[in-house]
Amino acid sequence: MIAAGVIGCVYLFCTAVLFLGVKEKDDPFAFQPGMVMPFCSGFRQSMQHGPYLYLISSFLLISAAVQLQQSNFVLFCTHAADNLRKHFQNLVLTILISAVMSIPFWQWFLQRFGKKKAAFGISWMIPFAIMLVTIPNLIVAYVVAVTYGFSIAASLLLPWSMLPDVVDNFRLMNPQAKGLEAIFYSSFVFFTKLSAGIALGISTLSLQFAGYSSAACKQPYLVVLTLQILIGAVPAVLIVLGLFILIFYPITEDTRKETELALDVMRLRTRRSTLIVI
């Protein structure tokens, strides 16, 4: 109850900071001031934008894989690897520290080598997850925890750094559209949470069919096998599929810079025309 109260206060504080500290500005790129596109039309156009579809399809699968590993990691350490039962709290803490510490590295990496190449850093967790399933000893578990943190940081950082590029690309191709940024971001959050919810539902149903009981100190072999599959095989397949889709993501560093330059030209023209009218 204390933890729930603290988390609720943090939510209220962050919402207040957002509401009071962020001011909305009129879109400088729109040639028709005040013409806001209706939600249904904007949502339909956003769902027809190729780069957005590639991005959202890829990270839906990747976020589902990450959610599966995060939600089942403690159960795996508790029931599928007896020698890790007393260390799962330290392992979770290692994952969190590794994720936080690796964010500056990924920021440098995506600026130096591009965002698409940085996205393939998520695949680091695949061989180490398989290693944890096949060799569940303490040293391997801590190595896996560090690589988990690196991969989780990349999976959380990259979509939010790539989504503005998609919005800018849409803006360049549809200069008359206005007010669609909220649709792009809210749709991405909705589909990501939906994919995480589906992954948790599948995980829960799989464990239920396998005979998992929260009151049992020792789970049957079928539960152990299910946890091994949910930790290793299923996330690996989802990540490979997500990265395969990301290969076709059309926005590169060169096209991103070209789009940014073109939008700067549009902004300058809009300002000049506004000054002339005034």
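Residues numbered from 1 in each chain as written. Predicted model: local features only at pLDDT ≥ 70, side-chain atom pairs only at ≥ 80, totals over all residues. Heavy atoms only, no water.

### Some words on the layout of surface pockets
Operational definition: Buried and open spaces are told apart on a 1 Å grid over the protein atoms alone, a cavity being a set of points where a 1.4 Å probe fits but cannot get out and a pocket being an open set with protein on both sides within 12 Å along at least five of seven lines. Residues with an atom within 4 Å of a point are the lining residues. Grid points are joined across faces, edges and corners, and a volume is the space filled by probe spheres set on the points. Numbering of helices and strands runs from the N terminus; a helix is a DSSP stretch of H or I covering at least four residues, while a strand is a stretch of E covering at least two. Residue polarity is assigned by list, with Asp, Glu, Lys and Arg as charged and Ala, Val, Leu, Ile, Met, Phe, Trp, Tyr, Cys and Pro as nonpolar; anything else, Gly included, falls into the polar class.
Of the pockets and cavities examined, the second largest pocket occupies roughly 340 Å³. In terms of lining residues, the second largest pocket is bounded by 15 residues, among which S63, S155, L156, T192 and K193 are the most central. Elements supplying a minimum of two residues to the lining of the second largest pocket: α3 (50–80), α7 (138–173) and α8 (181–210). When grouped by side-chain class, the residues that make up the lining of the second largest pocket number 9 nonpolar, 5 polar and 1 charged.

### Some points on the UniProt feature "transmembrane region" (unreviewed entry) in the protein
Spelled out, the test is: UniProt positions are given in the numbering used here, feature names are shortened, and annotations may be inferred rather than shown by experiment.
Listed under "transmembrane region" (unreviewed entry) in the UniProt record, and renumbered for this structure, are residues 52–68, 88–106, 118–135, 182–202 and 222–249. Along residues 222–249 the backbone is 93% helical and 0% strand, and the end-to-end C-alpha distance reaches 39 Å.

### Considering the nonpolar core
How we decide: The criterion is simple. A nonpolar core is a set of buried Ala, Val, Leu, Ile, Met, Phe, Trp, Tyr and Cys residues joined through side-chain atoms within 4.5 Å. Burial status follows relative accessibility: with a 1.4 Å probe on protein chains alone, a residue under 20% of its type maximum counts as buried, one over 50% as exposed, and anything between as partly exposed. Note on definitions: a residue-residue contact is assigned when non-hydrogen atoms from the two residues lie within 4.5 Å.
One finds F59, F73, F76, Y148 and L158 to be the most contacted residues of the largest nonpolar core, which totals 64 residues. For this core, the secondary-structure elements that each account for two or more residues are α3, α4 (88–113), α5 (115–119), α6 (125–134), α7, α8 and α9 (221–247). For this core, the element with the most residues is α7, which contributes 15 residues. In contact with F76, other than residues within four places in its own chain, are A81, L132, V133, L227, Q228 and I231.

### Here we look at empty space enclosed by the protein
Under the defined criterion, the tally for this structure stands at 1 cavity of 30 Å³ or more. The computed volume of the largest cavity comes to approximately 30 Å³. In terms of lining, the largest cavity is formed by V167, F170, R171, A177, L180 and E181. Among the elements that make up the lining of the largest cavity, the one with the highest residue count is α7 (3 residues). Per-class residue counts for the lining of the largest cavity are 4 nonpolar, no polar and 2 charged.

### Points about a nonpolar patch on the surface
Filter applied, for reference: Each patch is built from residues lacking any salt bridge and having more than 30% relative accessible area; the joining distance is 9 Å for like charges and 5 Å for nonpolar side chains (Val, Leu, Ile, Met, Phe, Trp, Tyr). Only the protein chains shown count as cover for residues, with accessible areas throughout obtained via the Shrake-Rupley method and a probe of 1.4 Å. Salt bridges are counted wherever a side-chain nitrogen of Lys or Arg sits within 4 Å of a carboxyl oxygen of Asp or Glu.
Judged by side-chain polarity, Y54, F120, F244, I247 and F248 come together as a nonpolar surface patch covering roughly 480 Å² of accessible area. When you line up the elements, Y54 lands in helix α3.

### Examining α3
Threshold: The span expected for a helix works out to 1.5 Å for each residue beyond the first. Values of bend correspond, residue by residue, to the angle between axes fitted over the seven residues ending at that residue and the seven starting there.
The end-to-end C-alpha separation of α3 is 42 Å, in line with the 45 Å expected for 31 residues at 1.5 Å each. Along α3, the helix axis deviates most sharply at N72, where the bend reaches about 40°.

### A short note on the pattern of salt bridges
Tallied over the entire structure, the rule returns 4 salt bridges. Here D165 makes a salt bridge to K115, at a shortest N to O gap of 2.7 Å. Of this pair, D165 sits in helix α7 while K115 sits in helix α5, and the two are 50 residues apart along the sequence. This pair shows no difference in class: D165 is buried, exactly as K115 is. The closest approach of N and O atoms between E253 and R256, which form a salt bridge, is 3.2 Å.

### Describing the packing of α3 against α8
Put simply, the rule is: Fitted lines through C-alpha atoms give the axes, limited to the stretch in contact for helices. The angle between two N-to-C directions lies from 0 to 180 degrees. Each angle gets one of four labels, with under 35 degrees taken as roughly parallel, over 145 as roughly antiparallel, 65 to 115 as roughly perpendicular, and the rest as oblique. The sense of a crossing depends on the near helix, which, turned anticlockwise from the far helix by less than a right angle, makes the crossing left-handed and, turned clockwise, makes it right-handed.
Between α3 and α8, whose axes approach to 8 Å, the crossing angle comes to 40°. By the angle between their axes, α3 is oblique relative to α8. For the pair α3 and α8, the sense of crossing is right-handed. The segment α3 lies against α8, with Y52, I56, F59, L60, S63, A64, Q67, L68, S71, N72 and L75 engaging I183, F184, S187, F188, F191, T192, S195, A196, A199, L200, S203 and L207. The class makeup of the residues in the contact of α3 with α8 is 15 nonpolar, 8 polar and no charged.

### Remarks on the confidence of the model for the protein
What counts here: Residue-level confidence of the predictor is what pLDDT reports, using numbers from 0 through 100.
Residue-level pLDDT values for the protein average 83, and 92% of them are 70 or greater. When pLDDT is averaged over each helix and strand of the protein, the minimum, 75, is found for helix α10 (residues 253–277) and the maximum, 94, for helix α1 (residues 2–21).

### A look at the side chain of S63
How we decide: Polar contact criterion, stated in full: a pair of N or O atoms within 3.5 Å, where within protein one must be able to donate a hydrogen and the other to accept it, and residues adjacent in sequence count only if both atoms are side-chain atoms.
Along the chain, S63 turns up in helix α3. Among the polar contacts made by the side chain of S63, one reaches the main-chain carbonyl oxygen of F59 at a distance of 2.7 Å. Once residues lying within four places of it in the same chain are set aside, the contact partners of S63 are T192 and S195.

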